[in-house]
Number of protein chains: 2
Amino acid sequence: MKEQIAKRLGIKGLEEKVMTASEAAALIVDGTVVGMSGFTRAGDAKVVPMALVERAKNEQIKIDVYTGASLGPEVDNHLAAAGVINKRGPFQGDRVMRNLINTGEITYVDAHLSHNAELVRQGVIGPIKHAIIEAVAITEDGYLIPTTSVGNSPIFADYAENIIVELNITHPETLIGIHDIYVPGEQGKREPFPITNADQRIGTKGIKIDPAKIQAIVISEEPDAPSLIVPPDEETQKMADQLLEFFQSEIDAGRLTKELMPLQSGVGSVANAVLDGFANSDFENLVVSSEVLQDAVFNLIDAGKVRFAAATSITLTEELQQKVYGNLEAYADKILLRPQEISNHPELIRRLGLISINTALELDIYGNVNSTHVSGTKMMNGIGGSGDFARNARLGIFVTKSYAKGGDVSSIVPMVSHVDHTEHDVDVIVTEQGIADLRGLAPKERVPLIIENCAHPDFKEQLWDYYNRAVEKLGNVQTPHILEEALSWHVNLAENKTMKKEVAK
Amino acid sequence: MKEQIAKRLGIKGLEEKVMTASEAAALIVDGTVVGMSGFTRAGDAKVVPMALVERAKNEQIKIDVYTGASLGPEVDNHLAAAGVINKRGPFQGDRVMRNLINTGEITYVDAHLSHNAELVRQGVIGPIKHAIIEAVAITEDGYLIPTTSVGNSPIFADYAENIIVELNITHPETLIGIHDIYVPGEQGKREPFPITNADQRIGTKGIKIDPAKIQAIVISEEPDAPSLIVPPDEETQKMADQLLEFFQSEIDAGRLTKELMPLQSGVGSVANAVLDGFANSDFENLVVSSEVLQDAVFNLIDAGKVRFAAATSITLTEELQQKVYGNLEAYADKILLRPQEISNHPELIRRLGLISINTALELDIYGNVNSTHVSGTKMMNGIGGSGDFARNARLGIFVTKSYAKGGDVSSIVPMVSHVDHTEHDVDVIVTEQGIADLRGLAPKERVPLIIENCAHPDFKEQLWDYYNRAVEKLGNVQTPHILEEALSWHVNLAENKTMKKEVAK
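The shown structure was predicted, so the numbers you read here are calculated from the model rather than taken from an experiment.

**Some words on the nonpolar core**
A general tendency of soluble globular proteins is for nonpolar side chains to be buried together.
In step 1: The biggest cluster of nonpolar side chains holds 81 residues, and the ones touching the most others in it are Ile138(A), Phe247(A), Leu260(A), Phe278(A), Phe298(A) and Ile335(A).
In step 2: Apart from the residues within four sequence positions on either side, Phe298(A) is in contact with Leu293(A), Ile314(A), Leu316(A), Leu320(A), Val324(A), Tyr331(A) and Ile335(A).
In step 3: Val270(B), Val274(B), Tyr331(B) and Ile397(B) belong to the second-largest nonpolar core, a separate cluster that totals 80 residues.

**Some words on the packing of aromatic side chains**
Geometrically, a pair of aromatic rings is defined through the distance of the ring centres and the angle of the planes.
In step 1: Applying the stated criterion across every chain, the model contains 18 aromatic pairs over all chains.
In step 2: Taking the centre distance of 5.9 Å and the plane angle of 35 degrees together, the rings of Phe459(A) and Trp489(A) count as tilted. Here the residue Phe459(A) occupies a position in helix 16 (residues 457-474), and Trp489(A) occupies one in helix 17 (residues 488-496), the gap between them amounting to 30 residues.
In step 3: With a centroid separation of 5.7 Å and 65 degrees between ring planes, the pair formed by Phe278(B) and Phe283(B) is classed as edge-to-face. Here Phe278(B) and Phe283(B) have matching classes, each one buried.
In step 4: An aromatic cluster of at least three residues, connected via ring pairs, comprises Phe246(A), Phe247(A), Phe278(A) and Phe283(A).
In step 5: Note that Lys208(A) overlies the ring of Tyr143(A), its terminal NZ or CZ placed 4.8 Å from the centroid.

**Overview of the sheet that holds strand 18 (residues 362-364) of chain B**
Residue and element names in this part refer to chain B.
In step 1: A sheet is described by the order of its strands in space; here three strands give the open sequence 19-18-25, paired in mixed fashion. Single-partner strands in this sheet number two, and they are strand 19 (369-370) and strand 25 (412-413).
In step 2: Sheet topology note: the strand 18/strand 25 ladder contains two bridges and is parallel. When the bridges of strand 25 are listed, Leu 363 appears paired with Ile 412.

**Points about the interface of chain B and chain A**
In step 1: At the interface, 75 residues of chain B touch 75 residues of chain A.
In step 2: Summed over both sides, the interface between chain B and chain A buries roughly 6400 Å², with carbon and sulfur atoms accounting for 52% of that surface.
In step 3: The tally of links from chain B across to chain A stands at six salt bridges.
In step 4: The residue Arg350(A) makes a salt bridge to Glu118(B) at a minimum N-O spacing of 2.9 Å.
In step 5: Joining chain B to chain A, the criterion identifies 44 residue pairs in polar contact (both at pLDDT 80 or more).
In step 6: Sort the elements by how many residues they give to the side of chain B that touches chain A and helix 13 (residues 346-352) of chain B lands first, with five residues.

**Re the UniProt feature "domain: Acetyl-CoA hydrolase/transferase C-terminal" (unreviewed entry) in chain A**
In step 1: Taken from the UniProt record, the annotation "domain: Acetyl-CoA hydrolase/transferase C-terminal" (unreviewed entry) applies to residues 322-466 of chain A.
In step 2: Taken end to end, residues 322-466 of chain A has its terminal C-alpha atoms 52 Å apart, with 30% of it in helix and 23% in strand.

**Description of the relation of the copies chain B and chain A**
In step 1: Once chain B has been moved 0.0 Å along the axis and rotated by 180 degrees, it coincides with chain A to within an RMSD of 0.0 Å. The operation mapping one copy onto its partner corresponds to a two-fold rotation axis. No C-alpha of chain B approaches the rotation axis more nearly than that of Glu347(B), which lies at 2.3 Å.

**Considerations on the pattern of salt bridges**
In step 1: Counted according to the given criterion, the structure contains 64 salt bridges over all chains.
In step 2: Measuring nitrogen to oxygen at the nearest pair gives 2.8 Å for the salt bridge that ties Glu347(A) to Arg351(B). With one member in each of two chains, Glu347(A) in helix 13 (residues 346-352) and Arg351(B) in helix 13 form a pair that bridges those chains. For the residue pair Glu347(A) and Arg351(B), the accessibility class agrees, reading buried in each case.

**So, the environment of Thr67(A)**
Residues and elements named next belong to chain A.
In step 1: Tracing the chain through its elements places Thr 67 in the loop between strand 3 (63-66) and helix 4 (73-81).
In step 2: Taking the relative accessible area as the measure of exposure, Thr 67 reaches 0% and is therefore buried.
In step 3: Along the chain, Thr 67 and Gly 35 lie 32 residues apart, while their C-alpha atoms are 5.7 Å from each other.
In step 4: Dropping the residues within four chain positions of it, Thr 67 is found in contact with Met 36, Gly 38, Arg 88, Gly 89, Pro 90, Phe 91, Asn 152 and Phe 156.
In step 5: Among the polar contacts listed, one links the side chain of Thr 67 to the side chain of Arg 88, at a separation of 2.9 Å.

**Quick look at the sheet that holds strand 25 (residues 412-413) of chain A**
Pairing between the strands of a sheet is mediated by backbone hydrogen bonds and can be parallel or antiparallel.
All names here are of chain A.
In step 1: Strands sit in the order 19-18-25 across an open sheet of three strands; the sheet is mixed. The open sheet has two edge strands with one neighbour each: strand 19 (369-370) and strand 25.
In step 2: Pairing of strand 18 (residues 362-364) with strand 19 involves two bridges; the strand directions are antiparallel. Residue pairing for strand 19: Glu 362 is matched across the bridge by Asn 370.

**Focus: the pairing of strand 10 (residues 214-220) of chain A**
All names here are of chain A.
In step 1: Burial of strand 10 is extensive: six of the seven residues sit out of reach of the surface.
In step 2: Inspection of the sheet shows strand 1 (residues 18-19) paired to strand 10 by two bridges, in the parallel sense. Paired with Val 18 across the strands is Ile 217, a residue of strand 10.

**Digging into the UniProt feature "binding site: CoA" (unreviewed entry) in chain A**
Residues and elements named next belong to chain A.
In step 1: The feature "binding site: CoA" (unreviewed entry), as given by UniProt, occupies Gly 266, Val 267, Gly 268, Ser 269, Val 270, Asn 381, Gly 385 and Lys 405 in the numbering adopted here. With a sequence span of 140 residues, these residues are also far apart in the fold, their greatest C-alpha distance being 25.9 Å.
In step 2: Counting through the fold element by element, Val 267 comes out in the loop between strand 11 (263-265) and helix 9 (269-276).
In step 3: Of the residues examined, Val 267 reaches a relative accessible area of 40% and is grouped as partly exposed.
In step 4: Look past the residues within four positions of Val 267 in its chain and what remains in contact with it is Thr 40, Glu 291, Val 292, Gln 294 and Thr 359.
In step 5: Here Asn 381 shows up in the loop between strand 21 (378-379) and helix 14 (386-392).
In step 6: Look past the residues within four positions of Asn 381 in its chain and what remains in contact with it is Phe 91, Gln 92, Gly 93, Arg 98, Tyr 108 and Thr 372.

Rules and cut-offs
- Residues numbered from 1 in each chain as written.
- Chains lettered and ligands numbered in written order.
- Predicted model: local features only at pLDDT ≥ 70, side-chain atom pairs only at ≥ 80, totals over all residues.
- Heavy atoms only, no water.
- Core = buried A, V, L, I, M, F, W, Y, C linked by side-chain atoms within 4.5 Å.
- Buried < 20%, exposed > 50% of the residue type's maximum accessible area, 1.4 Å probe, protein only.
- Contact = heavy atoms within 4.5 Å.
- Phe/Tyr/Trp six-rings, centres within 6.5 Å; stacked < 30°, edge-to-face > 60°.
- Helix = DSSP H or I, 4+ residues; strand = E, 2+ residues; numbered from the N terminus.
- Lys NZ or Arg CZ within 6 Å of the ring centre and 35° of its normal.
- Pairing = 2+ DSSP bridges.
- Buried area = accessible area lost by both parts, 1.4 Å probe.
- Salt bridge = Lys/Arg side-chain N within 4 Å of Asp/Glu carboxyl O.
- Polar contact = N/O pair within 3.5 Å; in protein donor to acceptor, adjacent residues only side chain to side chain.
- UniProt positions renumbered as here; feature names shortened; annotations may be inferred.
- Least-squares fit on C-alpha atoms with pLDDT ≥ 70 in both.

Next comes the structure, spelled out in structure tokens:
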């Protein structure tokens, strides 16, 4: 193991900074802001946070934790449960942390994933005392090589007072070379990003660091927590099929070609199922330009469907982890990982003309989407990159099952209880019931498409009844609503455990 | 006059296409999509639409009208009142049109102003039968030179089957040279916009056209409808002063310099007053990168405060029209007009790090902003460019008086009745009461700042009462709301003409 470590520490003298996780955790200053690597359970700091959990058993310590996105259980579960996290941003997806957010024990700043780096640069987030970054190596020429995600690590490394490196020797060295680190300059002094194709490299192989800033190096052998996606069920399969049909109809209309446009798909089982659907499609030479590369992307590369995939993170199930990381050479020229402020940057998304597929929690008859708040009040995960992508994409698509809670909840409501994506930003909606193409339509024109094509049959009549009474009351105003009733479906749910009206009476 | 016309028609043979407005209006095909020049009452088609109003007196004709933004009375008032407009996008600001939108006679697609050109390019808006574009000249080398706005004219000219030119000989020829026309290519084949400074020219002096597509040239002598801004009152002055103090505090904190960052300010009296405030400030060498150049910008150029101003339109009061257009040479090297998809493009806004100031109709205690819908149902004007700017700006600022309707309406409510800008996109709020800096804060952290600093004293207690009862009911969830009551202030207003609670009881 010593040899392996020496091999991965290219700069002389760095071996003197190697210490145990507890020793490194002891360096973390109470009350400070800490930036950690990690994006969707991949490439996250692991052993130092767990040592911090231990430290917190004997000592009161609170820190603000900013990351790329959601981390594995070490931080968003154990560190949160240990009471160490004061403030958290910009995204999480953990059951324990979610509960602590919704009891107010953790202050959560849910934000567009492309925005945090700018806030660090502007001095709004910070000063950052420590950056804790998982690395696969530090090279002779002074680059810290991230592991399975890049996230916000470059900006954290740049702005942190000091850096704690988790040198992870379980991650294969073949990861070296898949990263493309490009850090924009100050606003107003910045050049255009020279990316004109998703497969283009514009940066360096790693994060250029000042070795003097390295405070500690901790050896880690912890693998990434595996992704939690589940195989498609009949309904997610239906959604995937419909979306593929829609793409075909866009080709027929001359608006797309068989290569489509670079694809972004949100994290989770539905998005993964949609991508899986491409395996049996006529589409070819596909390119992915996304946040996260999930299992489906690698299966599509194997199937010869996807020719290149760029993102900021690789999040795989255990099975795919073995397959991909055991044979990374085979994928090395077909994937790359960028910082999240590049993968999610409006400049990139709009220039390349992405097709963006994200998950809605609920949506309303006018096309507004709630991605974050259960019944408008409780945080689920966060907006993540969906806002970066949906507004700037060539095609902003939202997918959701038309119902939840065994049929008591309609995902389509008169008025969403929280808005993350406004009616101006939602192009296409897909449920297992059907698809609504809202492009170029006014709010009232969207209503029949959303209700008839996308709502669950159990709720169609009730939705029409609301809309028709709203028009009766106010006339054909731009957006008819009965404000007294607009959120009554959610109230009914809280009181009677269903959105169905019969029960409300 | 003949000489003047000949001088402005550089291409031989074009004089044969000169016809009367009625003759040109007769060419417009019923049931088609028409793209018109014009942005905020500037550079809009005027005489042909008025001739179309005449034609409609004897004949049923309906067209879809897409423009840059709001037009003067010829289209958004008279043409609308004549029943000629079926669908309208992406923005309007006229009393008559607004009423027709809210009775359902006109279908209105309110959209981000940077998005329409992409939709034309993608084939979602179209096919465009006619582009009606006001021009100051057509040059020998084949450029159509727009007048006082560029807006969407380049994309309309490019995609329209034919072009009707309103050659406006009242606009001075000195306008030639102030435009900078750059049209992005297809998504996926597009280069980065090479703009790294707001004063940089990257395009051509006019819109390159195929002369064969010119269907008609109509001579016009109609000036632009003057802008409707009113001088600042005591309260808008207060808002301006506070904003200037805020900028000073950002300089003190090391986050800005005396040159600030390029400024964008929305259309209207408040935004104009805020800009006017810079005249007596210590800020210097300012740059404007906005949608519309209003009176204040030219006053600031005269005062030596603004060194350059770029936008897509110049909208002036009658007084300033005379001053500026009578002496355009003095401003020629200090201003430029771009297409709106460039002036409002996320790529430009984020790269340059704009400070963006826009008007809110209402906002809520968590920082969500409604810019468009009165009580969530009736369209006021439209979102315009506020979404383009607010999300991508370095500093996204919203201004509004804390009250309306003589004090019966609070501009700050428990929950906005329509969301145009989500809590993720609102950095700073300014009312005549004070300022709330929301950057980096979680929803519950924003509440005291918004209520204490920005709400009108008449409503503070009532807002706190709502919030405290929401927390009491649900605990410290991410975003406490009492859904039964969240929109009750608007309901109260509809029923009792006030948002004050005493009356509701």
